[in-house]
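Examining the three-dimensional arrangement
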Amino acid sequence: MVINKLTLNAVLMNVFKWEKVIDVLVEKSNILEKENNMDRDLVYVFITEMMWSKFGLKGNAKNILAIKKYKNEFLKLMKENDLEKLSGSKYTKVLKPRFFRVNTLMTTIEEILEKLLKLKFKKLESPKSYAEFLELIKSDKFKPKNVFVQDVHIKELLVFNSKVKFYELEEYNNGSLIVQDKASCLAAYLLNPEPNSTVLDMCAAPGMKTSHLAAIMQNKGKLYAVDRCKDRFNTMQKMLERYMVQNVETFNMDALTFPYYDDVKYILLDPSCSGSGIVDRVRNDSSQQNQNFQMRLKKLANVHAQLLNHALKSYPKLERLVYSTCSANHEENEAVVDEALSVNGKFKLLDCTKIVKGWTNKGVPGFDCSEMCLNAVPSDDCTNGFFIAVFVRRDLEEKVVVKEEKNIEDIVVKEEKR
Ligand SMILES: C[S@@+](CC[C@H](N)C(=O)[O-])C[C@H]1O[C@@H](n2cnc3c(N)ncnc32)[C@H](O)[C@@H]1O
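Cut-offs and rules
- Residues numbered from 1 in each chain as written.
- Predicted model: local features only at pLDDT ≥ 70, side-chain atom pairs only at ≥ 80, totals over all residues.
- Heavy atoms only, no water.
- Near = heavy atom within 4 Å.
- Polar contact = N/O pair within 3.5 Å; in protein donor to acceptor, adjacent residues only side chain to side chain.
- Areas by Shrake-Rupley, 256 points an atom, 1.4 Å probe, with all protein chains shown as cover.
- 1 Å grid on protein atoms, 1.4 Å probe; cavity = no way out; pocket = protein on both sides within 12 Å on 5 of 7 lines; lining within 4 Å.
- Sits in = over half its atoms within 2 Å of the grid points.
- Nonpolar A, V, L, I, M, F, W, Y, C, P; charged D, E, K, R; others polar.
- pLDDT = per-residue confidence, 0-100.
- Contact = heavy atoms within 4.5 Å.
- Domains from an automatic or database assignment.
- Phe/Tyr/Trp six-rings, centres within 6.5 Å; stacked < 30°, edge-to-face > 60°.
- Helix = DSSP H or I, 4+ residues; strand = E, 2+ residues; numbered from the N terminus.
- Buried < 20%, exposed > 50% of the residue type's maximum accessible area, 1.4 Å probe, protein only.
- UniProt positions renumbered as here; feature names shortened; annotations may be inferred.
- Disulfide = S-S within 2.5 Å.
- Core = buried A, V, L, I, M, F, W, Y, C linked by side-chain atoms within 4.5 Å.
- Patch = residues over 30% accessible without salt bridge, like charges linked within 9 Å, V, L, I, M, F, W, Y side chains within 5 Å.
- Salt bridge = Lys/Arg side-chain N within 4 Å of Asp/Glu carboxyl O.
- Expected span 1.5 Å × (residues − 1).
- Axes fitted to C-alpha atoms, helices over the stretch in contact; angles between N-to-C directions.
- Parallel < 35°, antiparallel > 145°, perpendicular 65-115°, else oblique.
- Pairing = 2+ DSSP bridges.

1. As for the site of the ligand
- In the vicinity of the ligand, 19 residues are found, and the nearest of them are Met208, Asp227, Arg232, Ala255 and Asp270.
- Between the ligand and the protein, one listed contact pairs an oxygen atom with a side-chain N or O atom of aspartate 227 at 2.7 Å.
- Coverage of the ligand by the protein chains reaches 92% of its 600 Å² of free accessible surface.
- For the ligand, the cavity whose grid points lie within 2 Å of the majority of its atoms is the second largest pocket.
- When grouped by side-chain class, the residues that make up the shell around the ligand number eleven nonpolar, two polar and six charged.

2. Observations concerning the confidence of the model for the protein
- Summing up the model confidence of the protein, the mean pLDDT is 88 and the portion of residues at 70 or higher is 87%.
- Predicted confidence for residues 411-418 stays below pLDDT 50, and this span has three contacts to residues more than four positions away or in other chains.
- Both scores are given for the predicted complex: the pTM is 0.77, the ipTM 0.99.

3. Overview of the domain arrangement of the protein
- Taken as a whole, the protein is organised into domain 1 (5-86), domain 2 (98-179) and domain 3 (182-404).
- Computed from C-alpha atoms alone, the centre-to-centre distance between domain 1 and domain 3 is 41 Å.

4. So, the packing of aromatic side chains
- For the coordinates displayed, the defined rule picks out 21 aromatic pairs.
- Centre to centre, the rings of tyrosine 224 and phenylalanine 251 are 5.8 Å apart; their planes meet at 70 degrees, and the pair counts as edge-to-face. With tyrosine 224 in strand S7 (residues 222-227) and phenylalanine 251 in strand S8 (residues 248-252), this residue pair connects regions lying 27 residues apart in the sequence.
- The class of phenylalanine 251 is buried, set by a relative accessible area of 12%.

5. Section: the UniProt feature "active site" (unreviewed entry) in the protein
- The sites that carry the UniProt feature "active site" (unreviewed entry) are, in the present numbering, Cys326.
- By secondary structure assignment, the location of cysteine 326 is in the loop between strand S10 (320-325) and helix H14 (334-343).
- Not counting residues up to four positions away in its chain, the partners in contact with cysteine 326 are Cys273, Gly275, Ser276, Gly277, Ile278, Gly385 and Phe386.

6. Details of the state of the cysteines
- Under the criterion given, the structure shown has zero disulfides.
- Summary of cysteine pairing: cysteine 185 is not part of a disulfide, and the nearest cysteine sulfur, belonging to cysteine 326, is at 14 Å.
- Unpaired in this structure, cysteine 229 has its nearest cysteine sulfur neighbour in cysteine 203, at a distance of 11 Å.

7. A closer look at the nonpolar core
- Formed by 56 residues in total, the largest nonpolar core has its most connected members in Phe133, Ile137, Val149, Leu186, Leu190, Val322 and Ile388.
- The greatest single-element share of this core, amounting to eight residues, is contributed by helix H9 (residues 182-191).
- Both domains that meet at this core, namely domain 2 (98-179) and domain 3 (182-404), each give it at least three residues.
- Apart from residues no more than four positions distant in its own chain, phenylalanine 133 is found in contact with Pro127, Val149, Gln150, Asp151, Val152, Val159 and Lys182.
- Counting residues in each nonpolar core, the second largest holds 31 residues, with Ala311, Leu312, Val337 and Cys373 among its members.

8. A word on a nonpolar patch on the surface
- Among the surface-exposed residues, Leu8, Leu12 and Phe16 lie close enough to one another that they form a single nonpolar patch of about 220 Å² accessible area.
- Structurally, phenylalanine 16 is set in helix H1 (residues 5-29).

9. Here we look at helix H3 (residues 40-52)
- In a regular helix each residue adds 1.5 Å, so 13 residues correspond to 18 Å; H3 covers 18 Å between its end C-alpha atoms and thus fits that length.
- When we look at burial in H3, the residues that qualify are Val43, Tyr44, Phe46, Ile47, Thr48, Met50, Met51 and Trp52.

10. Some words on the pattern of salt bridges
- By the definition in use, this model includes ten salt bridges.
- Residue aspartate 254 pairs with arginine 228 through a salt bridge whose shortest N-O separation is 4.0 Å. Placement of aspartate 254 in the loop between S8 and strand S9 (266-269) and of arginine 228 in the loop between S7 and helix H11 (230-242) is noted, with a sequence separation of 26 residues between them.
- A relative accessible area of 28% places aspartate 254 in the partly exposed class.
- In this structure, lysine 317 engages aspartate 263 in a salt bridge whose closest nitrogen and oxygen atoms are separated by 3.6 Å. Taken as a pair, lysine 317 in the loop between helix H13 (291-314) and S10 and aspartate 263 in the loop between S8 and S9 lie far apart in primary sequence, 54 residues in all.
- What makes lysine 317 partly exposed here is its relative accessible area of 48%.

11. Some points on the packing of H3 against helix H5 (residues 71-80)
- Axis separation between H3 and H5 bottoms out at 11 Å; the angle between their running directions is 75 degrees. Between H3 and H5, the angle is such that the two are roughly perpendicular. On H5, the residues that touch Ile47, Met50, Met51 and Trp52 of H3 are Lys71, Phe74, Leu75 and Met78.

12. Quick look at the sheet that holds strand S1 (residues 98-102)
- The mixed open sheet is built from five strands, whose spatial order is S2-S3-S4-S1-S5. Of all strands in the sheet, those with a lone pairing partner are strand S2 (122-123) and strand S5 (177-179), marking the two edges.
- Pairing of S1 with S5, which is carried by three bridges, proceeds in the antiparallel orientation. By the bridge assignment for S5, valine 102 is matched with leucine 177.

Listed below in structure tokens is the structure:
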């Protein structure tokens, strides 16, 4: 059999993912004792291929046929012992809802709500608190395919059952409705630039957060979107055009060499990370301990720190910076933030979970910044794993807190008027 490195890697990652389940199947079925000439590792690979690979376990070799005999027994054991839940951590096998962000540069929330009602969707009453919101989207009330609810924090975000797909819907196809996980939307929500300000998105492609920033700025002011990767940059340009972002200037370059410093008041830094927070990407303890992964983490963390330090030092009018990753590893998150704070005394952190009311998952304990950061945890928050820290210039802190409180008051007033 010809097998390339990538295929082999995918097979092994799948074995790691299901390892705990296979441990139980092997033990309960006594397969190793019964098939006493077989190598344990090979048995794990064969079981994974037979039970969970797209194409099943192929071939008629003696040891393959021996494993195939156990399929029904394994299925029964899985069911009886509810083994699926062992297959991952809080980052895998989580049934996330589907989040659609209304692109307010092309339409309004009201127009989309009207369209959805015409399509026989039923809007559930928006809960008052985040805890009630989570309870609702995890409950049976949220099971039917035709129900949805408006997000409790980000008003332009509509939350649907995981089975809902809008491939046929005009608004989805023309860019008025954008699929974007809530955790990813929180970055622009927390940066919260006012219209007419100057904003720099340092690692912008493919432009999801850039387009959200433009929507928050109502297409007014200046939005610099920088990315060094040519292909991703090209995709971003197409996407921003499609989403009718008009206040953006795009730059295909390294953010460390971006030349326009003077007016930048807000920065979003969302660098390339390990992606270990993304639900469905294979992630488990065995793969995390892998030496290559640890080395990769170290390299990524160094790059993050370099970009973050550069941003905090180089922009004289910078008031606020959001640092975000879709990593679940503290090396890329809290450790980078602590280091940046230790050498950038002019900045401090805002308490993210005070702004995102009711959010309970903070940074992992053990770091100076832990209490001020926000972690999105798939099994709790029903989003991808995500990390956010908000830096503010120290002497502006009071002004910023007043602004936050005012924003929250405005939201409450708007809600009451409805
Ligand atoms: C996580 S992705 C950004 C996703 C984007 N913020 C969004 O919401 O669509 C990270 C991006 O950073 C870019 N990048 C990494 N290092 C960079 C650097 N030094 N300068 C500019 N772009 C960089 C990568 O090319 C990649 O497109």
